[in-house]
Amino acid sequence: MFDRRSLLGATAAVSSFVAAAFGRGAAAKTNAKQERPVDLEPRGTMGRLERLPNLALESRQEFLTDFRGWVNTDLSRAMNKRAE
């Protein structure tokens, strides 16, 4: 009787062989190199970082980043002092 794992392994090996034999994988790799997406920043950059597409997203991200920094530094110090 066949073991399921050996059957799945054999199926994967046969499918990769067929894909390599017909050159589907090689053609996809060459097309991927030729069709590179254009990296446009609609609102420019801040140093090396891209700005987010609109101001609402950027201000929300900045708020969450600052809030996490506050929670992880000032607030956690106060919590640890109170817990001791």
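Residues numbered from 1 in each chain as written. Predicted model: local features only at pLDDT ≥ 70, side-chain atom pairs only at ≥ 80, totals over all residues. Heavy atoms only, no water.

Undergrad: Explain the side chain of Glu-58 to me, and be specific about the residues and the numbers.
TA: Assignment of secondary structure puts Glu-58 in helix H3 (residues 55-83). Here Glu-58 falls in the buried class, since its relative accessible area comes to 15%. In this structure the side chain of Glu-58 is engaged in a polar contact, spanning 2.5 Å, whose partner is the side chain of Arg-43. Setting aside chain neighbours within four positions, we find Glu-58 in contact with Arg-43, Met-46, Arg-51 and Leu-52. (Helix = DSSP H or I, 4+ residues; strand = E, 2+ residues; numbered from the N terminus. Buried < 20%, exposed > 50% of the residue type's maximum accessible area, 1.4 Å probe, protein only. Polar contact = N/O pair within 3.5 Å; in protein donor to acceptor, adjacent residues only side chain to side chain. Contact = heavy atoms within 4.5 Å.)

Undergrad: Describe the pattern of salt bridges, naming the residues involved and giving the relevant values.
TA: In a structure, side chains of opposite charge can pair up when their charged atoms sit close to one another. In the structure shown here, the tally under the stated rule is 3 salt bridges. Salt-bridge contacts for Glu-58 lead to Arg-43; the nearest nitrogen and oxygen are separated by 2.5 Å. Of the two residues, Glu-58 is situated in helix H3 and Arg-43 in the loop between helix H2 (24-34) and strand S1 (45-46); the sequence distance between them amounts to 15 residues. (Salt bridge = Lys/Arg side-chain N within 4 Å of Asp/Glu carboxyl O.)

Undergrad: Give me the lowdown on the packing of aromatic side chains, citing residues and values where you can.
TA: Across all of its chains, the model carries 2 aromatic pairs by this definition. Aromatic pair Phe-63 and Phe-67: ring centres 6.0 Å apart, planes at 20°, arrangement stacked. On the criterion of helical spacing, the pair formed by Phe-63 and Phe-67 is a turn pair, its members being 4 residues apart in helix H3. The exposure class of Phe-63 is exposed, given its relative accessible area of 55%. Measuring from centroid to centroid gives 5.8 Å for Phe-67 and Trp-70, while their planes differ by 40°, and the two rings are tilted. Here Phe-67 and its partner Trp-70 are both found in helix H3, 3 residues apart, which amounts to about one turn of the helix. Of the residues examined, Phe-67 reaches a relative accessible area of 40% and is grouped as partly exposed. Take Trp-70: its relative accessible area is 41%, and that puts it in the partly exposed class. (Phe/Tyr/Trp six-rings, centres within 6.5 Å; stacked < 30°, edge-to-face > 60°.)

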